[in-house]
Amino acid sequence: MDADLLAPFLPPGERVSTRQTTPNGGTQRCNVSVDGELALVAGRLWWDKTGNVVDVAAVHAQVDKGDVITGDEFLYSGTGAVGKVEGCTNSAHPDQALFTVVQVFASGRENSSTMKRLITEYTGHVRKGRECS
């Protein structure tokens, strides 16, 4: 990921750390903290293939009530976004579609234009990754 796209969402601080989590078999998250405080979560999750970005956004803090762009492929706001990884299939998740999610928890770090670019780039990276066959 381009650090210039992440920087606006991180508060000032001395130390940035990341922690990978897998809360279930279909979700992976990268938690980004600054000085020990959670600032941002970037994740990807498998969701029912009939679902859409609005459905995924509805269950993720910081993402609801965003603007939908590029058909139904992206939804973004100043503090979060969801992307649908179009054309991604995986035999371990045959009836599901892959989605990306970005959530900003640092206060006062809203930036909808940068979030739009961040979710677009992040989703593109995931589309090219190992999870998509």
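Refer to the structure presented above.
In this text, all values refer to a predicted model and were calculated from it rather than measured experimentally.

Let's talk about the state of the cysteines
- The tally for this structure, following the rule as stated, stands at one disulfide.
- Each sulfur of the disulfide joining Cys88 and Cys132 lies 2.0 Å from the other. Around the S-S axis, the bridge from Cys88 to Cys132 shows a dihedral of about -100° and counts as left-handed. One end of the pair, Cys88, is in the loop between β6 (80-84) and β7 (96-104); the other, Cys132, is in the segment after α3 (112-127), with 44 residues separating them in the sequence.

Concerning the side chain of Asn31
- Along the chain, the position of Asn31 falls in strand β2 (residues 27-34).
- In contact with Asn31, not counting residues within four places along its chain, are Ser17, Thr18, Arg19, Thr21, Leu38, Leu40 and Val41.

Quick word on the pattern of salt bridges
- As enumerated under the stated definition, the model contains three salt bridges in all.
- With a shortest N-O distance of 2.4 Å, Glu131 and Arg44 are connected by a salt bridge. With Glu131 in the segment after α3 and Arg44 in strand β3 (residues 37-48), this pair connects stretches of sequence that are 87 residues apart.
- By relative accessible area, which is 24% here, Arg44 ends up partly exposed.
- Residue Glu73 is joined to Arg127 by a salt bridge in which the shortest nitrogen-to-oxygen separation is 2.7 Å. Of this pair, Glu73 sits in the loop between β4 (67-69) and β5 (74-76) while Arg127 is found in helix α3, placing the two residues 54 residues apart along the sequence.

The rules behind these values
Residues numbered from 1 in each chain as written. Predicted model: local features only at pLDDT ≥ 70, side-chain atom pairs only at ≥ 80, totals over all residues. Heavy atoms only, no water. Disulfide = S-S within 2.5 Å. Helix = DSSP H or I, 4+ residues; strand = E, 2+ residues; numbered from the N terminus. Contact = heavy atoms within 4.5 Å. Salt bridge = Lys/Arg side-chain N within 4 Å of Asp/Glu carboxyl O. Buried < 20%, exposed > 50% of the residue type's maximum accessible area, 1.4 Å probe, protein only.

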